[in-house]
Amino acid sequence: MAAKNFTVVTEFILLGLTDNAELKVILFVLFLVIYVITLVGNLGMIFLIQITPKLHTPMYFFLSCLSFVDACYSSVIAPKLLISFLVVRQTISFSACIVQHLFFGVFITTEGFLLSVMAYDRYVAIVNPLLYAAAMSKRKSVGLVTGSLVDGMINSLTHTISFGRLSFCRSNVISHFFCDVPPLLKLSCSDTSMNELLLLTFSGVIALATFLTVTISYTFVAVAILRIRSAAGRQKAFSTCASHLTTVTIFYSTLSFNYTQPSSQYSVEQEKVVSVFYTLVIPMLNPLIYSLRNKEVKGAVRRVIGIKHLSC
């Protein structure tokens with residue numbers, strides 16, 4: 001029996017967002033600005049929460065963890081994307097591709113679980129305020145964050161291990177700017193039906209579980225807010241949820257579009273646009289949303305600025 005001739009792929013070529021030289025310069029500047037704002041905004045949020053005693057509550061502990069995750073998963077993608085605008089051909093080794101896929105999966109899944117934890121935190125704070133201190137103690141808060149991270153690791157490891165078993169012996173050109181699952185499955189010469197099933201199942205279950213947690217929590221929150229007699233009280237209660245609701249809506253709408261549609265409906269260009277949004281834009285927007293729509297954060301920023309002016 002004749003042996004099959006094929007070349008095993010050891011590296012991939014990332015096509016990036018465009019091959020237009022002039023557009024590459026514009027996009028490099030744009031995404032560099034976005035990445036810098038992302039790092040400054042999220043690391044600044046963590047610093048602000050750490051130095052402001054008034055913000056040492058479970059809500060802001062979760063927010064600081066969210067900021068850390070945003071900075072991390074943006075950093076998994078952004079540097080490689082920025083380099084792609086400066087070189088003629090962007091390559092990534094097979095092992096580096098797996099590592100990027102692993103860490104991105106961990107952080108993006110952890111973010112989803114963190115958002116549901118933050119919704120539960122708002123539920124306890126508004127619906128059962130007398131039980132809040134006991135229900136959201138430091139130990140339980142750390143446990144919820146740890147659980148989110150562990151769940152993120154399990155989900156990402158499952159996909160990464162199944163992905164690592166695939167053979168790549170056809171084209172090594174990825175029509176994307178990072179090692180995401182859908183375009184990689186298109187390149188494999190192995191049977192990818194199990195990978196597609198795992199992707200759809202895990203993404204669907206995680207999205208449904210976290211989305212239901214958020215929906216049920218905010219249903220009870222809405223009922224509790226409507227029972228508050230004073231308009232000022234209702235406004236104060238709603239303002240503590242508005243930022244989180246905005247973040248949740250943007251995050252879940254983009255992720256659901258990308259990872260819960262069957263491969264037959266997969267569109268490379270659509271996926272690139274959506275991927276830019278949830279890998280780079282959302283991590284930049286989160287600290288802006290929480291700082292612009294949150295009175296306590298805005299107050300802390302003013303105090304820090306005031307202290308700097310006085311020290312000068």
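Residues numbered from 1 in each chain as written. Predicted model: local features only at pLDDT ≥ 70, side-chain atom pairs only at ≥ 80, totals over all residues. Heavy atoms only, no water.

To continue, consider the packing of aromatic side chains. Under the definition given, this model contains 14 aromatic pairs. Centre to centre, the rings of Phe12 and Phe94 are 6.0 Å apart; their planes meet at 35°, and the pair counts as tilted. Taken as a pair, Phe12 in strand β1 (residues 11–14) and Phe94 in helix α3 (residues 94–127) lie far apart in primary sequence, 82 residues in all. Taking relative accessible area as the criterion, Phe12 reaches 0% and is therefore assigned buried. Aromatic rings pair up to connect Tyr73, Phe104, Phe177, Phe178 and Tyr278 into one cluster. (Phe/Tyr/Trp six-rings, centres within 6.5 Å; stacked < 30°, edge-to-face > 60°. Helix = DSSP H or I, 4+ residues; strand = E, 2+ residues; numbered from the N terminus. Buried < 20%, exposed > 50% of the residue type's maximum accessible area, 1.4 Å probe, protein only.)

In this section: the state of the cysteines. Linking two cysteines covalently through their sulfur atoms gives a disulfide. Throughout the structure, instances matching the rule amount to one disulfide. A sulfur-sulfur separation of 2.0 Å characterises the disulfide bridge that pairs Cys97 with Cys179. The disulfide joining Cys97 to Cys179 has a torsion of about -125° about its S-S bond and is therefore left-handed. In this pair, Cys97 is assigned in helix α3 and Cys179 in the loop between β3 (173–174) and α6 (181–187), connecting sequence segments 82 residues apart. Across the pair, exposure class does not vary: Cys97 and Cys179 are buried alike. With no disulfide of its own, Cys65 lies 11 Å from the sulfur of Cys72, the closest cysteine sulfur. (Disulfide = S-S within 2.5 Å.)

For the rest of this paragraph, the subject is the pairing of β1. One face of the sheet, then the other: side chains in a regular strand alternate in exactly this way. Note: β1 against strand β2 (residues 90–93), four bridges, orientation antiparallel. Its bridge partner being in β2, Glu11 is matched across the sheet by Ser93. As paired strands, β1 and β3 are joined by two bridges and run parallel to one another. Considered in β3, the bridge of Leu14 is made with Ile174. (Pairing = 2+ DSSP bridges.)

Moving on, we come to the nonpolar core. Counting residues in each nonpolar core, the largest one holds 61 residues, and the members touching the most others are Phe31, Leu63, Tyr73, Phe104 and Tyr278. Among the elements of the structure, α1 (21–51), α2 (58–84), α3, α7 (193–226), α8 (231–259), α9 (268–292) and α10 (295–311) are those that each provide at least two residues to this core. By residue number, the principal contributor to this core is α2, which donates 14 residues. Judged by nonpolar contacts, the second largest core, of 16 residues, contains Ile92, Ile98, Leu166 and Cys179. (Core = buried A, V, L, I, M, F, W, Y, C linked by side-chain atoms within 4.5 Å.)

This next bit is on the sheet that holds β1. Taken together, three strands build an open sheet; the order of strands is β2-β1-β3 and the sheet is mixed. Strands with a single pairing partner mark the edges of an open sheet, and in this sheet they are β2 and β3. Most of the contacts of α2 go to β2, to which it runs at about 140°, and overall it touches β1 and β2. Taken strand by strand, α3 contacts β1 and β2, and its axis lies near 85° from that of β2. (Contact = heavy atoms within 4.5 Å. Axes fitted to C-alpha atoms, helices over the stretch in contact; angles between N-to-C directions.)

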